[in-house]
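Structural overview
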Amino acid sequence: MKTYDAIVVGGGHNGLVCAAYLAKAGRSVLVLERRHVLGGAAVSEEVHPGFTFSVCSYVVSLLRPWIIRDLELARFGLEMIPLEASFLPLPDGDSLCRWSDPELTRKEVSRFSPKDAETLGEFALAMSKMGRFAKPVIDSPAPDPGSLNPAKVVELLRLGRHFSAAPDDELELRLKLFSMSSVDFLDEWFESDVLKAPMSVSGIIGTFLGVRSPGTAYVLLHHYMGEIDGAFRSWGFSKGGTGGVSLAIANAARHFGAEIRTEAPVERILVQNGAATGVVLANGDELRARAVVSGCDPRRTFLGLVGRQHLPDEFAADIARYKYRGSSGKVNLALDRLPEFTSRPGDGPHLRGDIAIAPSIDYLEHAYDEAKYGSFSSRPYLNVVIPSTVDPTVAPPGKHVMSCFVQYAPYHIAEGPEHWPEKREAFGDAVVDTLAEYIPGIRDIILHRQVLSPWDLEQEFGLSEGNIFHGELTLEQLSFLRPAAGWARYRTPLAGLWLAGSGAHPGGGIMGAPGALCARTMLASGNLR
Amino acid sequence: MPAPTPFHPRTFALNSSLLYKEWAGCYAPKRYDVYLDREYYAVRHQATVMDATPLYKYEVRGKDASALLSRIMVKGFAKFAVGRVSYVCWCDEHGKVLDDGTVTRLASEHFRVTSADPALGWFSRHARGLDVALDDSSRTIAALALQGPRSRDVLRGLVGNEIDGLKFFRALSTRLPGRGGIDLTITRTGYTGDLGYELWVANEHALALWDAVLEAGRTHGLLPMGLDALDVVRVEAGFLLGGVDYTSARRAPIERQKSSPYELGFDWMVDLEREPFVGRDSLRRDRRAGPRRRFVGLEIAWDDFERIYERYELPPHLETGTSRDGVPLYRSGRQVGYATSRTWSPLLKRYLGLATIESDLAADGTELEIEVTCEYERHRARAHVRPLPFFDPERKKA
């Protein structure tokens, strides 16, 4: 029987990145994906004939440029199209659009607050400095504060210097980012609710917190680290949907020699003498490898595929405590024509970016209130995109796909998560009702509706509790604490088992960094164990 | 002062940036919006329409039309079939390139030539003794470049399935339905390196054509495109531009500024084994001797570029669009050439250049150094010679 150098469990984008790097280094690699299609949550599927949905994740920003270059992803089919604008329709028929052109944005914002319009540039400069500070953090493995290994101590000191070698005002800004709520942080800069509301939501995406919850300011920064072609704060669509990213990575991996199988669900990871030695497929087949890499989240990996009995108690307890608390769902619509917003009728560049239903901070906080007590928001925050306006491959001519990210949709509803299937359509209705307040004709142009609750994200895509980031991106679950103290550098307590998914540093989003950094660490270890 | 083209009433209404450039005496939009990306991505993913009217155009008619072109151009046109289009250059008596353009055979005794510079005088000078009539149609025929992966779908909506039979570098004479029909010539040509067409009509039908194209393009994401986006995609396609990547022999005050077709990579166009033509004897000598310089593709090492900026704690920064500032290239400390066009390709995720370098360094993969200026200080980054074109999708010829 063939023994692979590495078997990667899960063909999500991180698993594929890891496989591609290992294969490029000459290792024999097998990727096993449970579903019929690659990509995990970065997946495109033709859900309705002629309409291709980015079923889960829907925009790309953090995909590391060095990964694109290392794996030659453009050559293997990756094509990105930038989002042009951030559009905020308001219930009173007014609206705000923020554009790539700062002058145009300034004009729009000054209708609500001339002062804020002036401050915008200053804020963007400060945040991009913060983003540049954070960049080396997401481009290298997490520091190891407990280590006495001289190389790691030097690394830690360097990071410490990097952190403190900044003017006082920047240090102050960093500390505020680490401790404040999104809203409090933005209050220090801006006065207009209309501007602050859509900005503050960057702090809550994928977490079960509200825009007024402390600690959410940091996640704002995550959204300022995104870059395309060296330009910070830019987001893009992937041609053909976000699955296009995964397929390009898979093409690269195959080119470098990796073997990829779909519809090959892994039942469990084989453990012998305290080490991972392969996997057992659902059909009973056993496959052997010197190393097993999991692209799945920590709970699924350790408590599911490995089993508590093979793990140190303390580690297993940490993994069990690690927070998921999925808070979002997804509604994908196939549309007969472009939606018509009351506030800006007709076609236009405002439809070529992201559209936020976040009319005020109170609206967002109310949405969170309902979720706290176990129901989905009757008027949720929506982040809407219509990628077919710039990518004609995803819908027939003249037709469109509309993707709605919906928060809050708590995994833990009062009735219990297993009752989500009974509530799914009501949840979908709440989303369409919300949209209809801004697009009165929306119901007449919907050709097909796909509703995904956090329960569905868990059942179909293997995301524990429906968390889109493999665990919340809150400070206590980041860097050297992700997924557990002492085990943040892709290694696990089980020799030969590695974690390469978003549950590892630096976290979620279509970033590829966990997969790439895991592969680098494995290769540096020599024998992959 | 530049003059408006026949499309001006429509393009002016759409040009929200008010950024224009003078092109052959005409107003030409640089970009329709201050944000360049929209047009760039539209031409690579959807379709764009660009006013190409400023191009110089000449109608060559008569029994000896092909003989005249064979005499001027570096290739012969005697056996060139009706309905074909050719990209070609022409030289002075010393075999130095004057201009490059397309030649279309519209009928057995009718050719249309396009050029970047006026050429009527040059063509007439060589027409002596031939039965040929030369007409300058530069300002009587309007041209639209309809380019991008969806351009064929747009045209199908305009002229029907007839368009599906039109092959790469072929011409089709047809009629645009409505208003009693408009004579329209469609060539499957362009300057984007993508699937694309150029549409040619008499000036008086220009607006009707524009309206019909925009209407047909409505469901295909068609956008108007200006020269700035074109300048990026033409570098991806590896197309050199007269006046930027080489100097016309007619404009060059000194010898070293002139180029032979071999230096520009036009070897494939030149047919020396035929009747005499302008510059033939010099070109024969040039071919024997081999060119001193070569026109090549260049890829600038992004890691080096980024590292230079990191020294100043700056993110790497490139102006959007193509830079046409010439920059020196070095090898082992010695200057060996210059890059004439540089652009970041958002599609290929590579920093590309077009360059002229000493011939013995023109092999694919040769490592050079390019000058990079950051904070007014000079640095060098590695750059590698790469084959052209950088971007060559199957759909271009399919």
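Residues numbered from 1 in each chain as written. Chains lettered and ligands numbered in written order. Predicted model: local features only at pLDDT ≥ 70, side-chain atom pairs only at ≥ 80, totals over all residues. Heavy atoms only, no water.

1. Observations regarding the overall build of chain A
Formally: Under the DSSP-based scheme used, a helix requires at least four consecutive residues in state H or I and a strand at least two consecutive residues in state E, with every element numbered from the N terminus. The globule rule used for comparison is 2.2 Å times the number of residues to the exponent 0.38, while the radius of gyration itself is calculated over C-alpha atoms. The classification of residues rests on relative accessible area computed with a 1.4 Å probe and restricted to protein chains. Under 20% of the type maximum is buried, over 50% is exposed, and intermediate values are partly exposed. Residue contacts are defined here by distance: any two heavy atoms, one from each residue, within 4.5 Å place the two residues in contact. The Shrake-Rupley method, run with a 1.4 Å probe sphere, supplies the accessible areas, and residue values consider only the shown protein chains as cover. Charged residues are defined narrowly, with Lys and Arg counted positive, Asp and Glu counted negative, and His plus the chain ends left uncounted. Charged groups are reduced to one reference atom each: NZ for lysine, CZ for arginine, CG for aspartic acid, CD for glutamic acid.
Counting secondary structure elements, chain A contains 17 helices and 20 strands. Against the globule reference of 24 Å for 529 residues, chain A gives a C-alpha radius of gyration of 22 Å, in line with a compact fold. Its C-alpha atoms put chain A at 65 × 55 × 50 Å along the principal axes. For chain A, the residues scored as buried account for 63% of the 529 residues in total. Pairs at least 24 residues apart make up 71% of the contacts formed inside chain A by residues separated by at least 6 positions. For chain A, the exposed area adds up to about 18,600 Å²; of that, 53% sits on carbon and sulfur atoms. Chain A carries 52 positive and 62 negative side-chain charges, and their two centres are separated by 7 Å.

2. Topic: the overall build of chain B
A tally of helices and strands in chain B yields nine helices and 19 strands. The C-alpha atoms of chain B give 22 Å as radius of gyration, which agrees with the globular expectation for 398 residues (21 Å, within 12%). Viewed in the frame of its principal axes, chain B has a C-alpha envelope of about 65 × 50 × 40 Å. Relative to its 398 residues, chain B shows a buried fraction of 59%. Taking the contacts inside chain B whose residues are at least 6 apart along the sequence as the reference set, 66% of them involve residues at least 24 apart. Accessible area for chain B stands at about 16,800 Å²; split by element, carbon and sulfur atoms hold 49% of it.

3. A short note on the interface of chain B and chain A
Note the following rule: Summed over both partners, the accessible area lost on bringing two parts together, with a 1.4 Å probe, is the buried area. Put simply, a salt bridge is a Lys or Arg side-chain nitrogen that is within 4 Å of an Asp or Glu carboxyl oxygen. Contacts described as polar in this section are N or O atom pairs within 3.5 Å, which, within protein, must combine one atom able to donate a hydrogen with one able to accept it, while residues neighboring in sequence count only if both atoms come from side chains.
Contact with chain B, which involves 25 residues of that partner, is made by 29 residues of chain A. Between chain B and chain A lies a buried interface of about 2,200 Å² when both sides are counted; carbon and sulfur atoms form 54% of it. Looking at the side of chain B facing chain A, the largest losses of area belong to Y35, H45 and K349 of chain B, adding up to 27% of the total buried there. Notably, a salt bridge pairs R38 of chain B with E84 of chain A, separated by 2.5 Å at the nearest N-O pair. Linking chain B with chain A are five residue pairs in polar contact (both at pLDDT 80 or more). At the level of secondary structure, the elements contributing two or more residues to the side of chain B that touches chain A comprise α2 (37-45) and α9 (302-310) of chain B.

4. Overview of the sheet that holds strand β12 (residues 196-202) of chain B
Residues and elements named next belong to chain B. Selection criterion: One requirement defines pairing of two strands: DSSP has to find at least two bridges between them. Angular values range over 0 to 180 degrees, each being the angle between N-to-C directions of two axes fitted as lines to C-alpha atoms, with helices fitted over their stretch in contact.
Reading across from one edge, β10-β11-β12-β9-β3-β13 is the order of the six strands in this open sheet, with mixed pairing throughout. On the outer flanks of this sheet lie β10 (171-176) and β13 (222-224), each paired with one strand and no other. Between one strand axis and the next, the sheet turns by 25° as a mean value, whatever way the strands run. In this sheet, β13 lies alongside strand β3 (residues 47-51) in parallel orientation, the contact comprising three bridges. Across the sheet, T48 pairs through a bridge with L223, a residue of β13. Against the sheet, α2 contacts β3, β9 (141-147) and β13, and its axis sits at roughly 115° relative to β3.

5. Quick notes on the sheet that holds strand β8 (residues 133-136) of chain B
Residues and elements named next belong to chain B. Strands sit in the order β5-β6-β7-β4-β8 across an open sheet of five strands; the sheet is antiparallel. Each edge of the open sheet carries a strand with a single partner, namely β5 (85-91) and β8. Averaged over neighbouring strand pairs, the angle between their axes works out to 25° when direction is ignored. Across four bridges, the pairing between strand β4 (residues 56-61) and β8 is antiparallel. If you follow R61 over to β8, its bridge partner there is A133.

6. A few points about the packing of helix α5 (residues 151-159) of chain B against helix α6 (residues 206-217) of chain B
All names here are of chain B. This is how it is decided: To sort the angles, those under 35 degrees are grouped as roughly parallel, those over 145 as roughly antiparallel, those from 65 to 115 as roughly perpendicular, and the leftovers as oblique. Whether a crossing is left-handed or right-handed is set by the direction in which the near helix is turned from the far one by less than a right angle, anticlockwise for left-handed and clockwise for right-handed. We call Asp, Glu, Lys and Arg charged. Ala, Val, Leu, Ile, Met, Phe, Trp, Tyr, Cys and Pro are nonpolar, and the rest, Gly among them, are polar.
Close contact between α5 and α6 brings their axes to 8 Å; oriented N to C, the two are set at 120°. As judged from the angle between their axes, α5 and α6 are oblique. Remark: the crossing between α5 and α6 carries right-handed chirality. Seen from α5, the contacting residues are V154, G157 and L158; seen from α6, they are A212, V213, A216 and G217. Taken together, the residues of the contact of α5 with α6 break down into five nonpolar, two polar and no charged.

7. Notes on unusual backbone geometry
A cis amide bond, omega 5°, links H505 of chain A with the succeeding residue P506 of chain A. Tracing the sequence through the fold places P506 of chain A in the loop between β20 (497-499) and α17 (513-524). A cis amide bond, omega -5°, links L388 of chain B with the succeeding residue P389 of chain B. Positive phi outside glycine occurs at E465 of chain A, with the angle close to 50°. Position of E465 of chain A relative to the elements: it lies in the loop between α16 (454-461) and β20.

8. Some words on the packing of helix α11 (residues 298-306) of chain A against helix α12 (residues 313-321) of chain A
Think of two packed helices as two axes; the pair is described by the angle between the axes and how far apart they sit. Residues and elements named next belong to chain A. Where α11 meets α12, the axes come as close as 9 Å, and the angle between the chain directions of the two elements is 135°. One finds that α11 runs oblique with respect to α12. Between α11 and α12 lies a crossing whose hand is left-handed. Judged by residue contacts, P298, R299, F302 and L303 of α11 engage F315, A316, I319 and A320 from α12. Of the residues assigned to the contact of α11 with α12, the class counts are seven nonpolar, no polar and one charged.

9. Regarding the packing of aromatic side chains
The condition that has to hold: Aromatic rings from Phe, Tyr and Trp, taking only the six-membered ring of Trp, are treated as a pair when their centres fall within 6.5 Å; an angle between ring planes under 30 degrees marks them as stacked, one over 60 as edge-to-face, and anything in between as tilted.
Within the structure shown, the criterion is met by 33 aromatic pairs over all chains. Measuring from ring centre to ring centre gives 4.9 Å for F302 of chain A and F315 of chain A, while their planes differ by 90°; the resulting arrangement is edge-to-face. Of this pair, F302 of chain A sits in helix α11 while F315 of chain A sits in helix α12; the two residues are 13 residues apart in sequence, bridging distant segments of the chain. For the residue pair F302 of chain A and F315 of chain A, the accessibility class agrees, reading buried in each case. For the pair Y87 of chain B and W268 of chain B, a centre-to-centre distance of 6.4 Å together with 35° between the ring planes defines the contact as tilted.

10. A short note on the confidence of the model for chain B
Applied cut-off: Known as pLDDT, the predictor's confidence for each residue is given on a scale from 0 to 100.
With 100% of its residues at a pLDDT of at least 70, chain B reaches an overall mean of 96. Across the predicted assembly, pTM comes out at 0.93 and ipTM at 0.90.

11. Some remarks on the side chain of S502 of chain A
Residues and elements named next belong to chain A. As for its placement among the helices and strands, S502 is situated in the loop between β20 and α17. With a relative accessible area of 6%, S502 lands in the buried category. Polar contacts involving the side chain of S502 include one to the side chain of N14, which spans 3.4 Å. Apart from residues no more than four positions distant in its own chain, S502 is found in contact with N14, F469, H470, R482, G507, G508, G509 and P514.

12. Focus: the nonpolar core
Definition in use: What we call a nonpolar core is a set of buried Ala, Val, Leu, Ile, Met, Phe, Trp, Tyr and Cys residues that are connected through their side-chain atoms within 4.5 Å.
Counting residues in each nonpolar core, the largest one holds 156 residues, and the members touching the most others are M402 and L435 of chain A together with M73 of chain B. Among the elements that make up this core, the one with the highest residue count is helix α4 (residues 114-138) of chain A (eight residues). Contact partners of L435 of chain A, with chain neighbours within four places excluded, come to L333, L382, V384, M402, C404 and I442 of chain A. Formed by 77 residues, the second largest nonpolar core is a distinct cluster that contains L16, C18, V31 and L32 of chain A.

13. A word on the pattern of salt bridges
Counted by the stated rule, this structure contains 64 salt bridges over all chains. Beyond isolated ion pairs, a larger network of salt bridges with shared partners links D94, E108, R111 and R344 of chain A.

14. A short note on α5 of chain B
Residues and elements named next belong to chain B. Quick reminder of the rule: Arc, as used here, means the arc of the directions from the helix axis to the C-beta atoms.
S151, R152, V154, L155, L158 and V159 are the residues of α5 that are buried. Looking down the long axis of α5, one finds its buried residues gathered within 155° of arc, a one-sided arrangement. Those residues of α5 that are buried are in contact with β3, β9, β10, β11 (182-187), β12 and α6. Following α5 by one or two positions, G160 has its phi on the positive side, about 85°.

15. Notes on the environment of I163 of chain B
Residues and elements named next belong to chain B. Structurally, I163 can be placed in the loop between α5 and β10. The buried category is assigned to I163, whose relative accessible area is 0%. Residues contacting I163, with those up to four places away along its chain left out, are R152, L155, R156, L172, I186 and Y197.

16. Describing the environment of D304 of chain B
Residue and element names in this part refer to chain B. Along the polypeptide, D304 turns up in helix α9. Judged by relative accessible area, D304 falls into the buried class, the value being 10%. C-alpha of D304 to C-alpha of R380: the two residues are 76 residues apart in sequence and 8.2 Å apart in space. Sequence-distant contacts of D304, defined by excluding residues within four places in its chain, comprise A381 and R382. Looking at D304, its side chain comes within polar contact range of the side chain of R382, at 2.8 Å.

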